[in-house]
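Residue-level structural notes
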Amino acid sequence: MVSAFNLAREQNMYLQSEESQNNLGIPERHVGISSYLDEGLLAKYNLLTPGSYLRPSPPSLPPPSVPDLPNFMRNTEVMEEHEKARKIPINRDTAVVPPAKIKRSTLSAGSTGYIRVKAPTKNAWKGSMHPDVRIEGQKGLEKLQAKSHFLKTERFGKEDTDQQIFCTVPSKIHFDSYEIGKSYEQKLKIKNVSNSSRQLKVLPPKTKHFTMTKSADPSQSGAIAPGLSVEYTVTFLPGSLGLHQDELQIMPQGGALTNVPLVGERPPPVLSLPDTLDCGYCLVNGTLKTQFRCKNSGGHGIFQLYPQGTVPDQFLFNDLLPPKFTFEDNGFTVTPTSFALKTGDEVVIDVEFRPTEVTRSTTKFTLAVDNCTLQDFTLTAQSQSCRVQTIAVSGGESTVDYDIRNEETCEPVIINFEDQNPGTTEEKIFILRNCVNVPLHFNWEICKILSESEKSENALLSTDPIAPFQIYPAIGILDPAAEATFTITCNPQNAGKYENVARLWVDDIPAVLPSGVVLERYDALHITLTHLAQPHQIKLDPPALVIPGEHVAGNMVSKTVKIVNESLSATNVNWTWPEGDLKFCVHPQSLTVGAGSSRTVQIDIETSSAGAKETHLTCSLENVDKPLKLFVKAAFRGPRVTISGDKEDPALDFGFIHFRPGCSVQRQFEIVNHDGVHAKWSLAEVEHCVDKEYGQSEFQFSETGGEIGPYEVRQLHVIFKPHVPRSLKSFIECTVENGTGNKLRVVGEIQEPNVVLEKSTIDLGVIYVGVPVKNTVVFESLNFADSSFRVASAEGKDKKFGHIEFDKTEGTIYAGGTQTIPFRFTGREAATIEDFTVAFEMAGGKVLALGIKAEVRGLHIIHETPDIEQIAPETGAEQLEAPVLDFGTVEILKPTSRVLKIINKSHIATNFSLRVMNLRGAASNPPPVSARGLTNLSERTFRSASNLLTKSNALLDPKSKSRKQGDAEYWKTQLKDNKGACFIASPSSGYLPGNGVTIVTIHANSDMWGKYHDTLVSQVGDLEPVEIPITLNATSSPLYYKLSNNNKPTVRFGCYPLNEQPVSRTVHISNQGPVDIRLDWETYNIVPKDDTLIDLNFFIGDAFPEKSGETRPTGEGEDLIRLSVVPHEGERSTGPFSFSPDQCVIPARGSSKVTLNFDPRYGTGKCDGDFHSFALAYQSLVGNTNSDLCTRLQGEQVPPLKIMMTGKVEVPEVVVTAEEHGFTFKLMAGIINSRVKEHTKIHKMSLLNGSKLHLQFKIAASLPFTLLDEKMEYTLTPRQKIKLDHGLILSEKLLTSLLNSTKQNFRLELDKSDGQFVESEEGKVEVNIEEQLLHKSHEVNLPDGTVDTIVQQVPEKRFHLHSHLTLHYNNGHQQKIPVHCRIILPTFYISPQNVEFGTCLVGQTSHLTVRLINPSNSPLRWTSVYSGSTEEGEFGISPSQGEFTRADSVLLNLTFTAKSCNPSRGTYTFTGTPGNRTLHLSLHGIGSHDERMQRLL
């Protein structure tokens, strides 16, 4: 880094030299602009001159000697080898390149500054500089050159009072993450962005949660230089997690008040929990558990749940809440009651509902958030009683045995199964309805039927294990308010009669029997099941014949059926079938089936019609009353023929049709036979789509029907002839005999021309008689048909008030487009046109009407009083309110202007005149341009132009006056009637053209404060005069001091010694106003570090009465007692400044003088002799009376005149300067020992008499501080300087007194009787004791051979002594010089503090080491004492005492000799002096007779 810095410094020195600039190739240019500009003229008008940015040309000097090249431009050894190898030839093709473009050139001290290199060739890019390296070099060169580019500073230019003085970073301090009990800090920088040093005052926050401290101040004087900033630390102590708001007020010198908002606001949590939590439905005595997921998408928050109305006023977020809340009245239980959510976290809220009766339950709870916000939620649930309803029972041969679907009440359900053989199965379908909105967990139980005796004894039903009945599903859930289908199966194993009860249990619903028995489930339904089982004989396999799929009618289908005879004998079987569409053929039809055997038969099925067919074949059995039935089911279909349109669009689209009589459109389509049989088809429009009004279809088909062959595709066409325009939506249906067809959708759009007006009524607004107004009418086509129009005529009762002309009276309107027709409307008379209609005849006989509205006006005049900056040449505004010429608040003797716009809203030209009723100027001539007080752009334009070439006043002509003097004389003439103010209109009369605007400037000026009221009368033509009120609030005072700086008058008295005689100054005051003014003087002193912000002034009656005794009567409406709050600037004082007389009268347009006195005998006071004071002169009017034209305030109601006063009272004192170590002594207590009982430390100081007086004084000190010079009285002449030695005596007695004290703060005094220091409230030496912990680290060798670093806390104690060296002057004045002393007690520590010798061989001595460390800079003596038993073992230490130097350590050798196998323990106590600090070292070891414990080392 150092070498890089030296290299950069040499490079910078070389580039700044003249030769380096030439070597860099910078061309020399002589800027000739200075010869063409007059710098004197530019400087006169504060313009930028070439001297502001150009440096003067240096004088011609002989060229300097060529210096040696710096190191950074010399070749390296490697580069020199490359140069030798290249052997660059010098010829005419070479080019001159400056050395700055060559890296590390080989220029020597005698070279010419340039070398020749070969001109660029085709492959020159291979040896050229890389573009990135070239760009970096150019940037570095630009940075070096930028250091010499300076512009003329504007710090001492004219101060811009509108610019920002201080800026704050940040502009707003926001704490968005905080917790209660912690503090948070942010830095606030206030930077001076003006061009001068400024003082700054920052008002602290108003609330207790924000505090402010200054952390960095670049200036000691309080003024912040331009570009520098002062840093404040804002501390935030939140009292809660809610919103905290405050602000800092920054009051800069000469600037506006700036507020810095302070906001503490955490992002609030946003929960996804709805306001109403609907738990749903639940059965009475049941339990409903519902979970609601609550996700936090906002900020972090802690939440607690309370029942509504139970939230405490001061709730704490802790774990003292119960884990859940139970609402006894409603049966709700909510968990958890307290939880915390970060952003994105979620929690599950469990709600348990236990109803006891049928009702709608609702309750509310409140969620409290840790940011002091509450949110209410509603819990709701519906309780119902368990109820199940029987719907239907079906079975057998597709018959409904039992159906109560429409019955409100029903009999008990009994299901009878048909008789069957044992081992066979029969099923029935049973449908139940859940009558509640709660899912029911059910299970079926088949029970025995109770006998009459069991019923009388209230016996319970029991399960029947041999019942042949089964219900599927036997267990499950009944959906809320839904139907469920159950299959009841009867499968008897033995012949006999079976009767059972099927019981439906609903779980999780407690029930109470009449006997008092409590069941854990609810008995919801009983069904009686009966069946008679007979011995079986013969069966069919399969018992039913269901043929899958769909078959074409006419094709035969064959199936086989097996007849199984399980009887003991054979039987004859005969097949029969009913007559119908299905034709059967059974092979064989009659047969015999032997016992225990089976026979197979073939059944052929055929039909000629389509559809689903089902019937029964009867298998008659010999000697069996009931034959067997074979159920047969099959599906047949006929041929399928379809009609189709476009392949991409299945619909037949006729598109857009321009409707005309007889129009028609033709389209193609096809029909397809999808089967291999012939089919008869027919086509027709769907009947309900046929137009009923015309009675016939609009479609004509090429073929309406016929027969189509197998798999044939036939092309057809259809002609569409529409009856009326509309949107076509119809269907063409293809019908197939004994088959299936389809329908084809037909669409199209039939339209006729439809044209409308874009606007049916046109409002022309305000027009004037005889002035044509242009406008347009727009026709719009709403469809795709062309149309035409023709203008008919104008109608209406207001037709006589106007005339309309169209550019085109007829034309064509194309489909989907618009047509715009311009027209001109002219008003004939002044009227309001409401009924004026123009008719248009459209194609097809349709007529459109256009309405015209307008207001025809005559002459109309408007007066406006806009601001000068907002003047516009034209305006369309109407006269909404009466105009007022309000000049606002203006300082006296500063002319101002307002404008009056007279707007002619008609075409009639006329004249106007203006006059001021009362406060007119004394002269009639208008003011010159320079005296009008303009503030707009015209004034700046005038001033900038007039400043270039102006006529200067003749110095030899006594009557010649400057422009400023001429303006002052003009207004003096206008105000000479002593009214206090005047108003002048310019021009006061003139010509007002039609539709024109005339701008009149109203000029105003005043020479006395007050609120002035007048009226400006405007007469335009023959109209009624318009009176415009004029108001002017004139401020400031007509008095001024005849001082050199009247803007900030200041009287400086200079510096005077204490008790000097008073000094006087005379100040002249002039009155430019027309009223005598009485002044009452009050003086104030500006006290440094005054925290007062405001003053409350209390007045009774006349605040400033005349000294002659006459009192001014209180005016009507004036308060007798008045209070006023003003900013605090200083303290009211009676000295050292005073006025003579303190009340005086300044005559109107005259002057007077007042004497200002400064009394150095007043003393120094709070200002330490440097007085910065000011005087306020309260102004009261003599002989003034208020009127309707002017009202004036006086006394404390008017800002007083202010004059600053400075003076200094000097109290002579010597200037005391410490040399070397200053006035603070630092000693180590360890230097006092048995050999050294007392130690003195000496510092030097110098005393300088900086005043102009002879000073005589004595010096005294309080022990242990002392003076080493025997001479105690000194006399110093002005500017004389002497040197003295002072010191501190650290003795054993002083150290003993400090160590024996038990207080943290006390005072010491020397008892001269015995020379001891004792504690005393009157002691002149103040002692403070400081105790702190030092964190010291050291390395420790571990048993495993590694090294560990241990950090220990070591206590350190310090004594701080404070006293004074007192200088007693011969005039009684005392000067105190604070002296301090810091005495540090030594400290030490041992590492480690516990030593384990482990298990050692009895009789063998083991060795270990510990280190005793003194980390302080004070010497220390230490001793050690052993305590413990020596029966089981003996411990030793070497050395046992010693002495430390500062920051020293010693290694202690420890030994242990075991005497038995019992554990041994001992303690060494170390005591350090001075300070008597003690340390304890614990030792532990165990003896053993095992020789394996013998240690070699």
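Note on numbering: residues in each chain are counted from 1, in written sequence order. In keeping with the model being predicted, local features are shown solely for residues with a pLDDT of at least 70 and side-chain atom pairs are shown and tallied solely at 80 or more, while totals for entire chains, interfaces and linings include all residues. Calculated side-chain values reflect all of the structure's heavy atoms, with hydrogen atoms and water omitted.

From N to C terminus, the chain includes nine helices and 103 strands. Here the chain holds 1497 residues, and 37% of them are scored as buried. Any pair of residues with heavy atoms lying within 4.5 Å of one another is described as a contacting pair. Put simply, 71% of the contacts in the chain that link residues at least 6 apart link residues at least 24 apart. Secondary structure elements follow DSSP: runs of H or I of four or more residues count as helices, runs of E of two or more count as strands, with numbering from the N terminus. Exposure categories follow from relative accessible area, calculated using a 1.4 Å probe and restricted to protein chains: below 20% of the type maximum is buried, above 50% is exposed, and the middle band is partly exposed.

Right, let's talk about the sheet that holds strand β87 (residues 1265-1267) for a bit. Between any two strands, at least two bridges found by DSSP are needed for them to pair. What the four strands build is an open sheet, ordered β83-β85-β89-β87; its pairing is antiparallel. Looking at which strands have only one partner, the edges of the open sheet turn out to be β83 (1214-1219) and β87. Sheet twist, expressed as the average angle between the axes of neighbouring strands with direction ignored, equals 35°. With three bridges joining them, β87 and strand β89 (residues 1281-1291) adopt antiparallel strand pairing. Here an angle of 0 to 180 degrees is reported between the N-to-C directions of two axes, which are lines fitted to C-alpha atoms, with helices fitted over the stretch in contact.

Turning our eyes to something else, we now look at helix α9 (residues 1292-1300). Of the positions making up α9, those classed as buried are L1294, L1295, S1297 and L1298. For α9, the buried positions fall inside an angular range of 160° around the axis, keeping them on one side. Relevant arc is that of directions from the helix axis to the C-beta atoms, nothing else.

What the four strands build is an open sheet, ordered β33-β35-β39-β37; its pairing is antiparallel. The open sheet has two edge strands, β33 (538-541) and β37 (583-587), and neither has a second partner. Adjacent strand axes in the sheet meet at a mean angle of 25°, parallel and antiparallel pairs treated alike.

Turning our eyes to something else, we now look at empty space enclosed by the protein. Using a 1 Å grid laid over the protein atoms alone, points where a 1.4 Å probe fits but cannot get out form a cavity; open sets with protein on both sides within 12 Å along at least 5 of 7 lines form a pocket; any residue with an atom within 4 Å of a point counts as lining. Grid points are joined across faces, edges and corners, and a volume is the space filled by probe spheres set on the points. Scanning the model with the defined rule gives two cavities of 30 Å³ or more in all. Reported here for the second largest cavity is a volume of approximately 30 Å³. In this structure, the second largest cavity is lined by V890, E891, I892, L893, K894, P895, T896, A1004, N1005, S1006 and L1032. Looking at the lining of the second largest cavity, the elements with two or more residues in it are β62 (885-891) and β67 (997-1006). With three residues, the single largest contributor to the lining of the second largest cavity is β67. As a working rule, the residues Ala, Val, Leu, Ile, Met, Phe, Trp, Tyr, Cys and Pro are called nonpolar, Asp, Glu, Lys and Arg charged, and the rest polar, with Gly in that last group. Partitioned by chemical class, the residues of the lining of the second largest cavity number six nonpolar, three polar and two charged.

So, on to the packing of aromatic side chains. Centres within 6.5 Å make a pair out of two Phe, Tyr or Trp rings, where for Trp the six-membered ring is used; the pair is then stacked when the planes are under 30 degrees apart, edge-to-face when over 60, and tilted otherwise. Per the counting criterion, the structure on display carries 39 aromatic pairs. With centroids separated by 5.4 Å and ring planes inclined at 85°, the aromatic side chains of F442 and F486 adopt a geometry described as edge-to-face. Of the two residues, F442 sits in strand β25 (residues 440-448) while F486 sits in strand β28 (residues 483-490), which places them 44 residues apart along the sequence. Accessibility expressed as a relative area gives 1% for F486, which makes it buried. In textbook terms, an aromatic cluster arises when at least three aromatic residues are bridged by ring pairs, as seen for F779, F789, F806, F823 and F840. The positively charged end of K1202 is found above the aromatic ring belonging to F1174, 4.6 Å away from the centroid. Any Lys NZ or Arg CZ that is within 6 Å of a ring centre and within 35 degrees of that ring's normal is treated as a charge sitting over the ring.

Right, let's get into the pattern of salt bridges. Salt bridges are defined as contacts in which a side-chain nitrogen from Lys or Arg sits within 4 Å of a carboxyl oxygen from Asp or Glu. Summed over all chains, the structure comprises 28 salt bridges. The salt bridge partner of E698 is R726, with a shortest N-O separation of 2.4 Å. Here R726 lies in strand β49 (residues 726-736) and E698 lies in the loop between β45 (679-685) and β46 (699-701), a separation of 28 residues in the sequence. By relative accessible area, E698 is classed as buried at 5%. Looking at R726, the relative accessible area reads 28%, which means it is partly exposed. A network of salt bridges, in which partner residues are shared, links E550, R637 and D675.

Attention now moves to the state of the cysteines. What counts as a disulfide here is a pair of cysteine sulfur atoms lying within 2.5 Å. Inspection of the entire model under this criterion finds zero disulfides. Counting only cysteine sulfurs, C279 is the nearest neighbor of C282, a cysteine outside any disulfide, at a range of 9.6 Å. On the accessibility criterion, C282 (3% relative accessible area) is buried.

This paragraph deals with the environment of L1227. Along the polypeptide, L1227 turns up in strand β84 (residues 1224-1228). A residue is classified by how much of its surface remains accessible, and L1227, at 3% relative accessible area, is buried. Contact partners of L1227, with chain neighbours within four places excluded, come to H1239, K1241, L1288, L1290, C1381, R1382, I1383 and I1384.

This part covers unusual backbone geometry. Here the bond from Y472 into P473 is cis, since omega is -5°, no more than 30 degrees from zero. Structurally, the position occupied by P473 is in the loop between β26 (469-472) and β27 (475-478). Cis rather than trans, the peptide bond between S986 and P987 has omega equal to -5°. The residue P987 is located in the loop between β65 (981-986) and β66 (989-992) in this model.

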